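Reading the structure
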Amino acid sequence: MTLFPQIRSFALPRPRLGGWSLPVLTIAALVAAPILVVLSAVFVNSGDTWNHLATTVLPTYITNSLLLMLGVGGGVMLVGVGTAWLVTLCRFPGRWLFEWALLLPLAAPAYLLAYVYTDILDFYGPVQTGLRNIFGWQTVQDYWFPNVRSQWGAIAMLTLVLYPYVYLLARSAFLSQSVSMLEAARSLGCSPWRSFFTIALPLARPAITAGLSLALMETLNDYGTVQYFGVDTFTTGIYRTWFGMGDRPAATQLAALLTLFALGLILLERWSRGQAKYYQTANAVQPLSSYRLRGLRAIGAIGACLLPISLGFLVPAGVLLQMTLAISGTSSDAESANDYASDDFTSSDFEASSAADTFWSFASNSFTLAAITALIAVFLAIILAYGLRLQPTRGMRLATQVSAMGYAVPGSVIAVGILLPIGNLDNAIDAWMRSSFGISTGLLLSGTISALVFAYLVRFLAVSFSSIDANLSGIKPNLDDAARSLGHNSLSTLVRVHAPLMWSGVLTATMLVFVDVMKELPATLIVRPFNFDTLAIRVYNLASDERLAEAAAPALAIVLVGLLPVILLSWKLAHSRADRELPLMD
């Protein structure tokens, strides 16, 4: 998925339905409103609190955020580009398996890895306990062990779950490269390494830059990992200033600075793509010849691909599964013991039943929010994509790009931009009702499901739009002309002609938005209604209380749901041309 979807226009003759521009412009205005509210806070004087933040913690927020971006950027580039090159242009045992398995870490949010590896690597975890038993160490002064709850630990966790962004786009770019250019380099005596650095890497730079930008934006958006590891960044500062200090203007100004960081990434990505252009001149579907790796080289390639898969998915999923089974086994044993002791309903039975009910309550909240958001997001995306198809004017292109801008903005920023105007509106309505009728309406919109769904839509509308626009763009314009000649208007053409043809894109968009909402933490944490928790919030609360074993079941549920888009992407990769019998070169 690109940072901003590439908008394709069609010169359709005489579009007869001009009314599509109004809903498109309305959607764009609604999406842009929270971001504009936050940016406008730059010009507001927030008083002593902002001066205090600027002189004490703001330099730390900026430094830590920059270091995180630098570390994660280097990590995802190294892992993503390296593994993409290996599985695309090298032959070694298990390559077909690694090709899709390298996407598995996408299923796990970074904060889940942070909780799991803290449990594994802390002083009483299995790793340090095993080392002490082997070497006879007694106290922490007897040896040195890196502290995972640190900035380097946060960089490692984020790298392990975000490198698939770069891997997926880099692999796609390698597959589409000109065969003749690579073959010419080989015929001139270029080694695999030299041809990679001088030809393949520059050609893939736009795609790699787009993947890197996505990974860095997710880094800025992260809250659970950096908060748990004690790394002060903009997202932790926004939450602390809003809820801890109770100063909304200062929190909004922090959000505005974070937005400027995100917009800077967008401009950097566009500037990078605009400075150099590379074009393919040969047949892109001709199979690429691949290098056969043997001996130590094959073992090294296997290890390079297996390591991120193991650390990013297999180990965390295995630990969560083991914890879930251990908790359920303990509950079953206690239940059996209670059955032998008494036929009455005991306190243990009540606790087990309450825990199960609580889990399903959180799961129901998560699934309900995700389903509602996914359906609305797909509906709005269809309006945007079809409106642009009918009226490909400059204003419509700008409106669709603005509608897709929310994905580049961190969830905490969107949450602040939504709560401020909604809170002011609630207060204005309440004041008017009090003065006119002597009735207090309280908070009508703040802290409601509607506000939370709106935050999700602003954040993830781009995800659904990119998928649906890609499918709709692949439908030939002459089908519109044929339907129009048969007397169908634009809406009828959409329902009867386009909808069946872009059904796969609609399903993909629905699934991607559903999974993203299930995993979203920062926006949910700020906007959610009082006493309304999702699986992500439940995991965050339990892990913050160091009750990781109890958090295992909801965490595992999030991972399993996150596997859905991974399965879809893996299926698509399995049908790509790179897996077809490729010529071999030693």
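No experiment lies behind these values; they were computed from the predicted model shown. (Residues numbered from 1 in each chain as written. Predicted model: local features only at pLDDT ≥ 70, side-chain atom pairs only at ≥ 80, totals over all residues. Heavy atoms only, no water.)

The next thing to look at is a nonpolar patch on the surface. A cluster of nonpolar residues, Trp-96, Leu-97 and Trp-100, forms a patch on the protein surface that exposes about 320 Å² of accessible area. Checked against the element boundaries, Trp-100 lands in helix α4 (residues 95–101). Judged by relative accessible area, Trp-100 falls into the partly exposed class, the value being 32%. (Patch = residues over 30% accessible without salt bridge, like charges linked within 9 Å, V, L, I, M, F, W, Y side chains within 5 Å. Areas by Shrake-Rupley, 256 points an atom, 1.4 Å probe, with all protein chains shown as cover. Salt bridge = Lys/Arg side-chain N within 4 Å of Asp/Glu carboxyl O. Helix = DSSP H or I, 4+ residues; strand = E, 2+ residues; numbered from the N terminus. Buried < 20%, exposed > 50% of the residue type's maximum accessible area, 1.4 Å probe, protein only.)

Attention now moves to the packing of helix α7 (residues 151–175) against helix α10 (residues 205–221). As a packed pair, α7 and α10 sit with axes 8 Å apart at the nearest point and diverge in direction by 160 degrees. As far as their axial angle goes, α10 and α7 are roughly antiparallel. The two elements α7 and α10 meet at a crossing, and its hand is right-handed. Of the residues in α10, those touching α7 at Leu-158, Leu-162, Tyr-165, Val-166, Leu-169, Ala-170 and Ala-173 are Ala-207, Ile-208, Ala-210, Gly-211, Leu-212, Leu-214, Ala-215, Glu-218 and Thr-219. Among the residues forming the contact of α7 with α10, the class breakdown is 13 nonpolar, 2 polar and 1 charged. (Axes fitted to C-alpha atoms, helices over the stretch in contact; angles between N-to-C directions. Parallel < 35°, antiparallel > 145°, perpendicular 65-115°, else oblique. Left-handed = near helix turned anticlockwise from the far one by under 90°. Contact = heavy atoms within 4.5 Å. Nonpolar A, V, L, I, M, F, W, Y, C, P; charged D, E, K, R; others polar.)

A word on helix α12 (residues 234–244). All of the buried residues in α12 are Phe-234, Thr-235, Thr-236, Gly-237, Ile-238, Thr-241 and Trp-242. With its phi angle positive at about 65 degrees, Gly-246 sits one or two positions after the end of α12.

Per-chain confidence: the chain averages 79 in pLDDT, with 80% of residues scoring 70 or above. Every residue in residues 577–583 is under pLDDT 50, and counting partners more than four places away or in other chains gives 27 contacts. (pLDDT = per-residue confidence, 0-100.)

Let us now look at the environment of Ala-374. Here Ala-374 is to be found in helix α15 (residues 347–390). Given a relative accessible area of 1%, Ala-374 falls into the buried group. Along the backbone, Ala-374 and Phe-460 are 86 residues apart, and their C-alpha atoms lie at a distance of 8.9 Å.

Its location among the elements puts Thr-159 in helix α7. With 49 residues separating them in the primary sequence, Thr-159 and Ala-110 have C-alpha atoms 8.7 Å apart. Contact partners of Thr-159, with chain neighbours within four places excluded, come to Gly-71, Val-72, Gly-75 and Val-76.

Take helix α20 (residues 490–501) next. The terminal C-alpha atoms of α20, which comprises 12 residues, lie 15 Å apart, in line with the 16 Å expected from a rise of 1.5 Å per residue. Turning to α20, its buried residues number three or more, namely Ser-490, Ser-492, Thr-493, Leu-494 and His-498. (Expected span 1.5 Å × (residues − 1).)

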